[in-house]
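Residue-level structure breakdown
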Amino acid sequence: MSDDYGDRISRENKMRIQINQKLVETGERERLKELLRTRLIECGWRDQLKAQCKEIVRKKGLENVRVDDLVAEITPRGRALVPDQVKKELLQQIRTFLAQQSNLP
């Protein structure tokens, strides 16, 4: 890896930290989490994941399923099932928030 690449990654990480800090400080992070939660419930995502969890437990048996294993198995499915429209809406909300923040470098 070149130093330029490492510097770029370092700058990106610092920017992520600053953005996350601003989201937390302003309460925007919690608002966005609540919006995401609401949209996922509205589109049936939560019910889909719940049904998949029940199916995994049914197939493997309750005694053979640990919560950590269930989370590891269901997480990739859950991410893949998030509708594009929900992702787009959340991204637009984040972009709008960032555009309104004038004191980020």
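Report follows, based on the coordinates. Quick caveat: nothing in here was measured; it's all calculated off a predicted structure.

1. Examining the overall build of the protein
Helix and strand counts for the protein stand at five helices and zero strands. Traced from its N-terminal end to its C-terminal end, the protein shows the element sequence α-α-α-α-α. Over its C-alpha atoms, taken along the principal directions, the protein stretches across nearly 50 × 40 × 25 Å. The buried share of the protein, reckoned over its 105 residues, is 21%. When contacts within the protein are restricted to residue pairs at least 6 apart in sequence, long-range pairs at least 24 apart make up 68% of them. Of the roughly 8,200 Å² of accessible surface on the protein, a fraction of 52% belongs to carbon and sulfur atoms. Looking at charge distribution, the protein has the averaged site of its 22 positive side-chain charges lying 3 Å from that of its 17 negative ones.

2. Some thoughts on the nonpolar core
Grouped together as the largest cluster of nonpolar side chains are ten residues: Leu40, Trp45, Leu49, Cys53, Ile56, Val65, Leu70, Ile74, Val82 and Val86. Elements with a minimum of two residues in this core: helix H3 (45-60) and helix H4 (67-81). Here this core takes four residues from H3, the largest share from any one element. Each residue touching Cys53, except ones within four places of it in the same chain, is listed here: Leu70 and Ile74. Ile19, Leu23, Leu32 and Leu35 belong to the second largest nonpolar core, which has six residues in total.

3. Details of the environment of Glu89
On the secondary structure map, Glu89 appears in helix H5 (residues 84-100). The partly exposed category is assigned to Glu89, whose relative accessible area is 22%. Each C-alpha atom of the pair Glu89 and Arg8 lies 28 Å from the other, and the pair is 81 residues apart in sequence.

Calculation criteria
Counting from 1, residues in each chain are numbered in the order their sequence is written. Under the rules for a predicted model, residues below a pLDDT of 70 receive no local features and side-chain atom pairs below 80 are neither given nor counted, while totals for whole chains, interfaces and linings still include all residues. With hydrogens and water excluded, all non-hydrogen atoms of the structure serve as input to the side-chain values. Numbering goes from the N terminus for both helices and strands, where a helix is a DSSP run of H or I of at least four residues and a strand is a run of E of at least two. Any residue under 20% of the maximum accessible area for its type is buried, any over 50% is exposed, and the rest in between are partly exposed; the area is computed with a 1.4 Å probe on protein chains only. It only takes one pair of heavy atoms within 4.5 Å for two residues to be counted as in contact. Calculation of accessible area relied on Shrake-Rupley with a 1.4 Å probe; when residues are assessed, cover is drawn exclusively from the protein chains displayed. Neither His nor the chain ends contribute to the count of charged residues, in which Lys and Arg are positive and Asp and Glu negative. To locate a charge, take atom NZ for lysine, CZ for arginine, CG for aspartate or CD for glutamate. Take the buried Ala, Val, Leu, Ile, Met, Phe, Trp, Tyr and Cys residues and link them wherever side-chain atoms come within 4.5 Å; each set so joined is a nonpolar core.

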